[in-house]
Amino acid sequence: MSERFDFTGDELAPAYRAAVDAIEAGDLVVLPTDTVYGLAADAFKADAVQRLLDAKGRGRDMPPPVLISVVESLDALATDVPDNGRKLCEEFWPGPLTVICHAQTSLMWDLGETQGTVALRVPDHENTRELLSRTGPLAVSSANKSGQPAALDVYDAEEQLGESVAVYLDGGEATGGQPSTIVDLTGDTPRVVRVGALTLEQLRAVVPEVAGESDEPPAEPDEKPDETLDEKLDETAEEKVEDEADEKVEDEADEKAEPTEEPVVASKEDEAKTDPDVRPAD
């Protein structure tokens, strides 16, 4: 049966104890963050992560991000973090920035179909960071059923997720209301995957080369793109088929137009043998 605990004020010991016990048991915990409420599981327990995905109605093709308590944990979970990506983390953590990085290959976890990457964030919520320091990294997704709005208070989360969650931590209404901004750091240039609480302008104020969601290489002015080889081959093939079809139609028309002499002769001979007095029977 689910339990709900007050996660505000000074008397937080019962809430911390219940949440830590639930995480260690492989159960789910709903907790407040600086953006929206999150649904949390032990990132290093595969069955707990699967329980999280099942509760949301989400497949393994949408792995959850991982929340950490301090910026210094970045290098323990990620590798090959570029300098410009590190600048973003140092500027906006704790805060509403999620970064996608190459995951450390030595980590024994199963977050889903990650393609060797991990999405990391340090939330700007003091009590939740304290909980993370006690539990270690948590796989956390927004506390809602897939396709539904993210919960902004514990009651909305409880209504959507029900008994699939062991512990609900009531931190009041989420003050952010917007999901985090996601930036992919696995390529040559940081690229925004989703704009959320942080704008592209805020990111570029720290790292000017950050690419937006729809940014593409500029096209040359007054110049049409060359046709691809496949397009040219397709056009040539279509023209050939049309020419062959036209030739076939013309050949068939010529064959129909040429009269044969033998049927005409046979017809004339039959007419000569016909008795003019003979009438067809009624």
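An account of the accompanying structure is given in this report. (Residues numbered from 1 in each chain as written. Predicted model: local features only at pLDDT ≥ 70, side-chain atom pairs only at ≥ 80, totals over all residues. Heavy atoms only, no water.)

1. Looking at the environment of Thr-98
So, step 1. Relative to the assigned elements, Thr-98 resides in strand β6 (residues 97–103).
So, step 2. For Thr-98, a relative accessible area of 5% puts it in the buried group.
So, step 3. Taking the C-alpha atoms as reference points, Thr-98 and Pro-179, 81 residues apart in sequence, are found 9.6 Å from one another.
So, step 4. Other than its neighbours up to four places away in sequence, Thr-98 contacts Ala-119, Leu-120, Arg-121, Ser-180, Thr-181, Ile-182 and Val-183.
So, step 5. One polar contact links Thr-98 to Ser-180, side chain to side chain, over a distance of 2.8 Å. (Helix = DSSP H or I, 4+ residues; strand = E, 2+ residues; numbered from the N terminus. Buried < 20%, exposed > 50% of the residue type's maximum accessible area, 1.4 Å probe, protein only. Contact = heavy atoms within 4.5 Å. Polar contact = N/O pair within 3.5 Å; in protein donor to acceptor, adjacent residues only side chain to side chain.)

2. A look at the pattern of salt bridges
So, step 1. All told, the structure shown has 7 salt bridges when counted by the stated rule.
So, step 2. In this structure, the salt-bridge partner of Arg-4 is Glu-158, at a minimum N-O distance of 2.8 Å. Here Arg-4, found in strand β1 (residues 3–6), pairs with Glu-158, found in helix α6 (residues 154–161); they are 154 residues apart in sequence, far enough to count as distant.
So, step 3. For Glu-158, a relative accessible area of 25% translates into the label partly exposed.
So, step 4. Between Arg-129 and Asp-124 there is a salt bridge, and its shortest N-O distance comes to 3.7 Å. (Salt bridge = Lys/Arg side-chain N within 4 Å of Asp/Glu carboxyl O.)

3. Here we look at the packing of aromatic side chains
So, step 1. All chains considered together, the criterion is met by 2 aromatic pairs.
So, step 2. A centroid spacing of 5.5 Å and a plane angle of 80° characterise the contact between Phe-7 and Tyr-16, whose relative ring orientation is edge-to-face.
So, step 3. Under the relative-accessibility criterion, Tyr-16 is labelled buried at 7%.
So, step 4. Relative to Trp-109, the ring of Phe-44 lies with its centre 5.2 Å away and its plane at 25°, an arrangement referred to as stacked. Note that Phe-44 is positioned in the loop between β3 (38–42) and α2 (46–56) and Trp-109 in the loop between β6 and β7 (117–121), a separation of 65 residues in sequence.
So, step 5. Positioned over the ring face of Tyr-16 is Arg-134, at 4.1 Å from the centre of the ring. (Phe/Tyr/Trp six-rings, centres within 6.5 Å; stacked < 30°, edge-to-face > 60°. Lys NZ or Arg CZ within 6 Å of the ring centre and 35° of its normal.)

4. A look at the nonpolar core
Among soluble globular proteins, nonpolar side chains are generally buried collectively.
So, step 1. Among the nonpolar cores identified, the biggest contains 31 residues, and Val-66, Trp-93, Leu-97, Trp-109, Leu-120 and Leu-203 are the most heavily contacted of them.
So, step 2. Looking at this core, the element that brings in the most residues is β6, giving 4 residues.
So, step 3. Excluding residues within four positions of it along the chain, Leu-203 makes contact with Leu-88, Phe-92, Leu-97, Thr-181, Val-183, Val-192, Leu-198 and Val-210.
So, step 4. Formed by 20 residues, the second largest nonpolar core is a distinct cluster that contains Tyr-16, Ala-22, Ile-23 and Val-140. (Core = buried A, V, L, I, M, F, W, Y, C linked by side-chain atoms within 4.5 Å.)

5. Quick look at the side chain of Asp-170
So, step 1. Following the sequence through the fold, Asp-170 ends up in strand β9 (residues 167–170).
So, step 2. There is no salt bridge for the buried Asp-170, and the closest opposite charge comes from Arg-4, which lies 5.6 Å off by N-O distance.
So, step 3. Within polar-contact distance, the side chain of Asp-170 engages the backbone nitrogen of Gly-172 at 3.0 Å.
So, step 4. Leave out the neighbours within four places in its chain, and Asp-170 touches Arg-4, Phe-5, Asp-6, Phe-7, Thr-8, Tyr-37, Val-154 and Tyr-155. (Lys, Arg positive; Asp, Glu negative; His and termini not counted.)

6. Some thoughts on helix α1 (residues 13–24)
So, step 1. When the terminal C-alpha atoms of α1 are compared, their 16 Å separation across 12 residues agrees well with the 16 Å that a helix rising 1.5 Å per residue should span.
So, step 2. What α1 keeps buried is the set Ala-15, Tyr-16, Ala-18, Ala-19, Val-20, Ala-22 and Ile-23.
So, step 3. Check the buried side of α1 and you find it contacts β1, β2 (29–31), β3, α5 (126–135), β8 (138–142) and β9.
So, step 4. Following α1 by one or two positions, Gly-26 has its phi on the positive side, about 85°. (Expected span 1.5 Å × (residues − 1).)

7. Notes on α5
So, step 1. If you check which residues of α5 are buried, you get Asn-127, Thr-128, Leu-131, Leu-132 and Thr-135. Buried residues along α5 cover an arc of 145° about the axis, so they all sit on one side.
So, step 2. Structurally, α5 contributes buried residues whose contacts are with α1, β2, β4 (66–67), β8 and β9.
So, step 3. Where α5 ends, the next residue or the one after it, Gly-136, has phi of about 90°, a positive value. (Arc of directions from axis to C-beta.)

8. Focus on the environment of Ala-43
So, step 1. Inspection of the secondary structure puts Ala-43 in the loop between β3 and α2.
So, step 2. Between the C-alpha atoms of Ala-43 and Pro-137, which are 94 residues apart in sequence, the distance is 6.1 Å.
So, step 3. When sequence neighbours within four positions are dropped, the list of residues in contact with Ala-43 reads Val-49, Val-66, Trp-109, Leu-111, Pro-137, Leu-138 and Ala-139.

9. Observations regarding the pairing of strand β10 (residues 181–184)
So, step 1. As paired elements, β6 and β10 share 4 bridges and run parallel to each other. Within the sheet, the bridge partner assigned to Leu-97 lies in β10 and is Thr-181.
So, step 2. Bridge count between β10 and strand β11 (residues 191–194): 3 bridges; the pairing is antiparallel. The residue bridging Asp-184 from the neighbouring strand is Arg-191, located in β11.
So, step 3. Hairpin remark: β10 followed by β11, antiparallel, with 6 residues in the connecting loop. (Pairing = 2+ DSSP bridges.)

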